[in-house]
Amino acid sequence: MARLPAHRAYPLIDDETFAQAQNILASRTRTGPAHGVKRTQYLYVLRGALTHAGCGRKMQGHWAHDEPYYRCRFPEEYALANHI
């Protein structure tokens with residue numbers, strides 16, 4: 001014996017109103033970077049791919065003399081100059 005639903009469900013809004021709401025939500029989507037992410041002026045091809053052998057952290061892109069360079073963001077933790 002098949003069970004019948006205890007009550008019939010009715011839509012809260014009609015299909016046209018739902019479509020309009022979806023269009024409004026779609027128009028509000030972000031096209032830029034996520035909140036808190038800064039865009040960089042330069043392209044760093046190795047971004048996120050290099051880690052520093054001394055501390056194991058990811059290297060930071062740095063632009064100097066019209067070329068990209070990569071450096072550790074925490075040199076004070078391992079630099080020999082701090083131990084002399």
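About the criteria used
- Residues numbered from 1 in each chain as written.
- Predicted model: local features only at pLDDT ≥ 70, side-chain atom pairs only at ≥ 80, totals over all residues.
- Heavy atoms only, no water.
- pLDDT = per-residue confidence, 0-100.
- Helix = DSSP H or I, 4+ residues; strand = E, 2+ residues; numbered from the N terminus.
- Patch = residues over 30% accessible without salt bridge, like charges linked within 9 Å, V, L, I, M, F, W, Y side chains within 5 Å.
- Areas by Shrake-Rupley, 256 points an atom, 1.4 Å probe, with all protein chains shown as cover.
- Salt bridge = Lys/Arg side-chain N within 4 Å of Asp/Glu carboxyl O.
- Buried < 20%, exposed > 50% of the residue type's maximum accessible area, 1.4 Å probe, protein only.
- Pairing = 2+ DSSP bridges.

**Remarks on the confidence of the model for the protein chain**
Here comes step 1: Of all residues in the protein chain, 82% have pLDDT values of 70 or greater, and the mean over the chain is 79.
Here comes step 2: Mean pLDDT per element in the protein chain: strand β1 (residues 60-64) is the minimum at 85, and helix α1 (residues 15-27) is the maximum at 92.

**Points about a nonpolar patch on the surface**
Here comes step 1: Where nonpolar side chains cluster on the molecular surface, the patch consists of Leu-12, Ile-13 and Phe-18 and spans about 370 Å² of accessible area.
Here comes step 2: Note that Phe-18 resides in helix α1.
Here comes step 3: On the accessibility criterion, Phe-18 (46% relative accessible area) is partly exposed.

**Focus: the pairing of β1**
Here comes step 1: Bridge count for β1 against strand β2 (residues 67-71) is 5 bridges, and the pairing is antiparallel. Paired with Gln-60 across the strands is Arg-71, a residue of β2.
Here comes step 2: The hairpin turn running from β1 into β2, its antiparallel successor, is 2 residues long, and His-65 in that turn takes a positive phi close to 55 degrees.

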